[in-house]
Amino acid sequence: MSEALTRRRPILPPGSTAWLFAHEMRVAWRGVLARRGGNWRGLIIVSAVVILFTTFVGVPLGLLLRHVDVPVTKASAVIADMVIAVIGSLMLSQTIASAVESLYQRGDLDLMFSSPLAPRKTLTVRFATLAVNAFLAICLFFSPLFLPVAIVGHPAWLSVYVVMAALALTTSSLGLLLAMAMFALIGPRRTRAIAQVTAALIGAGFFLGTQLSNIIGGRRTGGMWAEVMRTANDPAFHLPPGGAWPLRAMMGEPLPLLGLAGGSILLFALASSVLGATFVANAAAASGADTARARAAAKGGPARFSQGAFTATLRKELRLLWRDAALLSQVLLRMLYLLPLGFLVIRSIGASDAVAVPGGAAALTFMAGQVGGSLAWITVSAEDAPDLLACAPTRPAVFWRAKLVAAFLPMTILLIPLLGALTWFSPLTGLVSAAGCAAAAMANGLINIWYQTPAKRSDFRRRRGSSWFATLAETIVAGLISVAVFIGAMGHYAALGPAIAAGAILVGLRRNEAQIAQAIRDAA
Amino acid sequence: MSDALVLAGLTKTFRNPAVDRLDLTVRAGELYALLGPNGAGKTTTLRMVAGLLKPDAGAISVFGIDALAEPIAAKRLIAWAPDEPLLYDRLTPVEYLEFVAGLWGVAPDVALPRAEELLKTLGLWDERNRRCEGFSRGMKQKAALAGALIHDPKLLILDEPLTGLDAAVARQVKDLLQARVDAGATVILTTHILEVAERMADRIGIIQGGRLLAEGTLDDLRARTGEQGATLEDVFLDLTTETEAAVA
């Protein structure tokens, strides 16, 4: 053993910037693996799919486009700018969340700062890791198609990677700046929650942007897009100074490329050096903040206690849901996805569309089922003290009911105005949709109770979802209820068919308390 | 004196027998220390009593209630505090106590003053509105202990309650447990700190391989090993080593 240890010689000099960077990347990589349950097999399968896709789709596409050039016009420059804005928003979303996470890695930072390494080096490397991770995430997304196209016919287009790196450095600097600003304005604890939500909103901005046609009406967004293109092609329109630089840089023109790369490196260096000192102070403050807050809050006595196990559990779940920033942002994202569907249905009613109205109502029902199921999965299966509940003199059904109510409350608040508007415009569609949404959410909530997979809340963010069986069952049942809503919204009694089928499946899936307890014990 | 807990032929097997036909009686109002080497079956036994594990065979009676037939009724009388505190990091101690009081159905007007008293007794009053995520191990243990006591249990089961606590916190916990016993509650605890058992316990049970090796007051155990004036550590090592040798 000791022989093996003495034989191993480090490739990089310990304490060097490169060594530190390699450490940060290793930690980040292991984080990625942990989020996938440490499953190498899944990563190998994904890699194989990417390689196959690159070979059989990317390469032929590259051959097809090898003689096609992208003209540098005002329209193409505007499109390139818009693409950069979208990718930048996704990168910013990632770096804000990562910056806050870095700030709260107290044990890790304490270790670093207590070592003889210069804090500035430690922080610069850590900040650079944020940028590299953002860069890699986006490159992995577009490279299978883009890389063969660039290599086969347009080597100059490889400059896109330099532009992406510049974008990653810029958004990392902005992410750090935003995290620091939030820290200064609202304190460490709220920063963690608000940053997660902000990151989720910025990320969702991309999705909501693509759904603009559903939200404000197809003709208007079509008009907006046409307007952008018309304006870009108008001889009187002039791009702002540097407006074509992203496109030119991506095409490999040296001056814009050097300008963007140099500017981003300068911004990053400036942000690292200026924010570095603040970061150290913030990291130290993060540990003392709780105490300070507690002292401030210590004046008040205990508030009124709730009565009974149901209310106590409901309040506890709502508190935990609200205080778990990462889970909260996930929940918020899932609920945001409901919005475009709701608007689609309402808009279709306005347009008197005979198929789109029930279709939209069915889609809304399906989404409500999915969101309800996801939220129920979080509240039912994420339990930090299962033994406490198990040794309490209360039937498990009481906890489960409270957890379901906690899961459905946020979604109900969002759905009520949508369904209210629907009912106002079309009472039948509104009522059928309301019943469908409630049934789908309840059905999926019940499936999550019957097939729960308890784990600690702290481990929960790494898990992607409930079991494949439960997910499949949820999809089928919510699908059948959606079909029933579709038919019902058209005023046909045939809606009873799929509704009864969904009910029959639920009866088949049902587990009693003893069976659930046994399944949990077996899994443990 | 009536019995707080009676275990009869209690058996639990995982891959190997963890608890093997265990017979044990704890009298009401006593502090009973359950000792044993690692893997002796102490925690498994206590988890079965708390209703967290189902025994393969045997009976559990809590103040005359059949805990296997009427688990809810038995649980009303019990508090369980394991070595890893049953806490929620994102709740404050007050919110945690509110939750636990709700689970045990304690009326709010009873629970609120009791929570205040417990938080003050355990030195958590100034931290009552601070989330548990920033607490030290000792503070977490104290918060969990407050949770265990909020419903004024008749039978308090503690698994290694003093592990990782500093001297001051350990003293607070010991004083609190003694006060509970003085007030008529029954306490069963496991510990590897034999001095604690020696000084606090009314009776001591030593188990190994899931079976009870010996039981009684310290003097009873000394008499059993024939070592007058021996410490509990000497007695414990004698008994457990003797059994290991016999098995070997």
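Details of the structure are given in the entry above.
What counts and what doesn't
Residues numbered from 1 in each chain as written. Chains lettered and ligands numbered in written order. Predicted model: local features only at pLDDT ≥ 70, side-chain atom pairs only at ≥ 80, totals over all residues. Heavy atoms only, no water. Contact = heavy atoms within 4.5 Å. Buried area = accessible area lost by both parts, 1.4 Å probe. Salt bridge = Lys/Arg side-chain N within 4 Å of Asp/Glu carboxyl O. Polar contact = N/O pair within 3.5 Å; in protein donor to acceptor, adjacent residues only side chain to side chain. Helix = DSSP H or I, 4+ residues; strand = E, 2+ residues; numbered from the N terminus. Nonpolar A, V, L, I, M, F, W, Y, C, P; charged D, E, K, R; others polar. Buried < 20%, exposed > 50% of the residue type's maximum accessible area, 1.4 Å probe, protein only. Pairing = 2+ DSSP bridges. Axes fitted to C-alpha atoms, helices over the stretch in contact; angles between N-to-C directions. Phe/Tyr/Trp six-rings, centres within 6.5 Å; stacked < 30°, edge-to-face > 60°. Lys NZ or Arg CZ within 6 Å of the ring centre and 35° of its normal.

Draft legend 1. Broad picture of the interface of chain A and chain B. With 42 residues of chain A at the contact, the number on the chain B side is 42 residues. Looking only at chain A, the three residues that lose the most surface to chain B are Phe305, Arg323 and Pro393 of chain A, adding up to 22% of its buried area. Of the charged contacts, one joins Arg47 of chain B and Asp387 of chain A as a salt bridge, the two residues approaching to 2.8 Å between their closest N and O atoms. Run the count over chain A and chain B and you get eight residue pairs in polar contact (both at pLDDT 80 or more). Of all the elements in the fold, those that place two or more residues in the side of chain A that touches chain B are helix 8 (188–210), helix 12 (254–297), helix 13 (308–323) and helix 17 (386–390) of chain A. The greatest single-element share of the side of chain A that touches chain B, amounting to nine residues, is contributed by helix 13 of chain A. Its residues placed into classes, the side of chain A that touches chain B shows 17 nonpolar, eight polar and 17 charged.

Draft legend 2. Molecular detail of the pattern of salt bridges. Tallied over the full model, the rule gives 21 salt bridges over all chains. Between Glu24 of chain A and Arg126 of chain A there is a salt bridge, with the nearest N and O atoms lying 3.1 Å from each other. Taken as a pair, Glu24 of chain A in helix 2 (residues 17–35) and Arg126 of chain A in helix 6 (residues 119–153) lie far apart in primary sequence, 102 residues in all. Assigned by exposure class, Glu24 of chain A and Arg126 of chain A land together as buried. Here Arg203 of chain B and Glu215 of chain B are joined by a salt bridge, their closest N and O atoms 3.7 Å apart. Placement of the pair is Arg203 of chain B in strand 9 (residues 203–208) and Glu215 of chain B in strand 10 (residues 211–216), with a sequence separation of 12 residues. Of the residues examined, Arg203 of chain B reaches a relative accessible area of 9% and is grouped as buried.

Draft legend 3. Quick peek at helix 1 (residues 42–49) of chain B. All names here are of chain B. Counting buried residues along helix 1, six of its eight residues qualify, which places the element largely inside the surrounding structure. Within the span of helix 1, buried status applies to Lys42, Thr44, Thr45, Leu46, Met48 and Val49. In the segment just after helix 1, Gly51 is the residue with positive phi, at about 85°.

Draft legend 4. Molecular detail of the sheet that holds strand 2 (residues 17–27) of chain B. Residues and elements named next belong to chain B. Sheet architecture is open: four strands sit in the order 2-1-4-5, paired in antiparallel fashion. Looking at which strands have only one partner, the edges of the open sheet turn out to be strand 2 and strand 5 (65–66). Note that strand 4 (residues 57–62) and strand 5 share two bridges and pair antiparallel. In the strand pairing of strand 5, Val62 is matched with Ile65. Contacting strand 1 (3–13), strand 2 and strand 4, helix 1 runs over the sheet at an angle of about 115° to strand 1.

Draft legend 5. How the structure looks around the packing of aromatic side chains. One pass over the full model with this rule turns up five aromatic pairs over all chains. Linked through ring pairs, Phe142, Phe146 and Tyr161 of chain A together constitute an aromatic cluster. Sitting over the face of the ring of Phe63 of chain B, Lys154 of chain B holds its NZ or CZ atom 4.3 Å from the ring centroid.

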